[in-house]
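Here are the chains, one letter per residue:
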Amino acid sequence: MTTTVTLQVAKSNNSTQDFTVQVKDKKFLNTIIDTSKETITEQEMNYIQDVAKRGGDAGILEDCDLNPQEKLKLAVINKYDDAYDIKLSSDGKYFEITIKPTSCLYPDPRIEDVKKDFGLRENVFIDNNNNLVGEHPDEGIGGNYDNNKLKGGTTFRVPVNEAHFTNGPAGFWRRLI
């Protein structure tokens, strides 16, 4: 489901015009321009249009259109920095994510929580972080590693094109259950 957002564009002749853009989530606009201003410039309008066309779709602004730096801004907006330290790898292909240590009563995330937090498809975590799953899966039937816990301070990698920062990090209750 998309939302239509209308912005005022300041023209060079001191007039304004309406500009509408389809967005998957209004937060995506905040990652590419400052939406707190009353009006935007024509350059900002053109940039929004260019970003919305990155994914090759009908010009709808969605998370797959964002570049790595914009995705990092989205992570901050959605409070991923509360649970994770996230940075871009030196080659620009991966996000290097470190789990922040939790208090003694707050549970460490499971691989399942990490997969939900970052919207990862099946096997993306395992394929890029095989060294973290150990030799034995928690659920022997079918070799499911989803219940393996990851301790605070653990760093893992997620490919930039696979990372989604739209869900927000797992809270206490989701990690507990």
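Residues numbered from 1 in each chain as written. Predicted model: local features only at pLDDT ≥ 70, side-chain atom pairs only at ≥ 80, totals over all residues. Heavy atoms only, no water.

A. View of the sheet that holds strand S5 (residues 155–159). The antiparallel open sheet is built from three strands, whose spatial order is S3-S4-S5. The open sheet terminates on both sides in strands that have one partner only, identified here as strand S3 (84–88) and S5. With strand direction ignored, the average angle separating the axes of adjacent strands in the sheet is 25°. The strands touched by helix H3 (residues 68–77) within the sheet are S3 and strand S4 (94–99), with S3 carrying the most contacts at an inclination of about 170°. (Pairing = 2+ DSSP bridges. Helix = DSSP H or I, 4+ residues; strand = E, 2+ residues; numbered from the N terminus. Axes fitted to C-alpha atoms, helices over the stretch in contact; angles between N-to-C directions. Contact = heavy atoms within 4.5 Å.)

B. Main features of the pattern of salt bridges. The final tally for this structure, using the stated rule, is 12 salt bridges. Among the ionic pairs, glutamate 122 bridges to lysine 115, the shortest N-O distance being 3.2 Å. Exposure remark for glutamate 122: the relative accessible area of 56% places this residue in the exposed category. Classification of lysine 115 by relative accessible area gives buried; the value is 11%. Here glutamate 162 and arginine 121 are joined by a salt bridge, their closest N and O atoms 2.5 Å apart. Taken together, the residues glutamate 162 in the loop between S5 and helix H6 (172–176) and arginine 121 in the loop between helix H4 (111–117) and helix H5 (124–128) connect sequence positions 41 residues apart. The buried category is assigned to glutamate 162, whose relative accessible area is 14%. (Salt bridge = Lys/Arg side-chain N within 4 Å of Asp/Glu carboxyl O. Buried < 20%, exposed > 50% of the residue type's maximum accessible area, 1.4 Å probe, protein only.)

C. A look at the nonpolar core. Ranked by internal contacts, the top residues of the largest apolar core, which has 38 residues, are Ile48, Leu61, Tyr84, Phe118 and Phe156. In terms of residue count, helix H2 (residues 42–52) provides more of this core than any other element does, four residues in total. Setting aside anything within four residues of it in sequence, one finds isoleucine 48 in contact with Leu7, Phe19, Val21, Leu29, Ile32, Ile33 and Ile40. (Core = buried A, V, L, I, M, F, W, Y, C linked by side-chain atoms within 4.5 Å.)

D. Focus on the side chain of aspartate 63. Along the polypeptide, aspartate 63 turns up in the loop between H2 and H3. In this structure aspartate 63 is buried but unpaired, with lysine 71 as the nearest side chain of opposite charge at 5.9 Å. A polar contact of 2.6 Å, which involves the side chain of aspartate 63, links it to the side chain of histidine 164. In contact with aspartate 63, other than residues within four places in its own chain, are Phe28, Lys71, His164 and Thr166. (Lys, Arg positive; Asp, Glu negative; His and termini not counted. Polar contact = N/O pair within 3.5 Å; in protein donor to acceptor, adjacent residues only side chain to side chain.)

E. Representation of the pairing of strand S2 (residues 16–23) in the model. Of the strand pairs in this sheet, strand S1 (residues 3–10) and S2 are connected by eight bridges, and their pairing is antiparallel. Among the inter-strand pairings, threonine 6 is bridged to a residue of S2, identified as threonine 20. Once S1 ends, the chain turns through five residues before running back antiparallel as S2, passing asparagine 14 with a positive phi of about 65°.

F. Structural context of the packing of aromatic side chains. Evaluation of the coordinates by the stated rule reveals eight aromatic pairs. Each ring, one from tyrosine 80 and one from phenylalanine 165, has its centre 5.3 Å from the other, and the planes form 85°; the classification is edge-to-face. On the criterion of sequence distance, the pair formed by tyrosine 80 in the loop between H3 and S3 and phenylalanine 165 in the loop between S5 and H6 is long-range, its members being 85 residues apart. The residues tyrosine 80 and phenylalanine 165 share a single accessibility class, namely buried. Connected via pairs of aromatic rings, a cluster forms that spans Tyr80, Tyr84, Phe95, Phe118, Phe125, Phe156 and Phe165. Over the aromatic face of tyrosine 94 sits the side chain of arginine 157, whose NZ or CZ is 3.8 Å from the ring centroid. (Phe/Tyr/Trp six-rings, centres within 6.5 Å; stacked < 30°, edge-to-face > 60°. Lys NZ or Arg CZ within 6 Å of the ring centre and 35° of its normal.)

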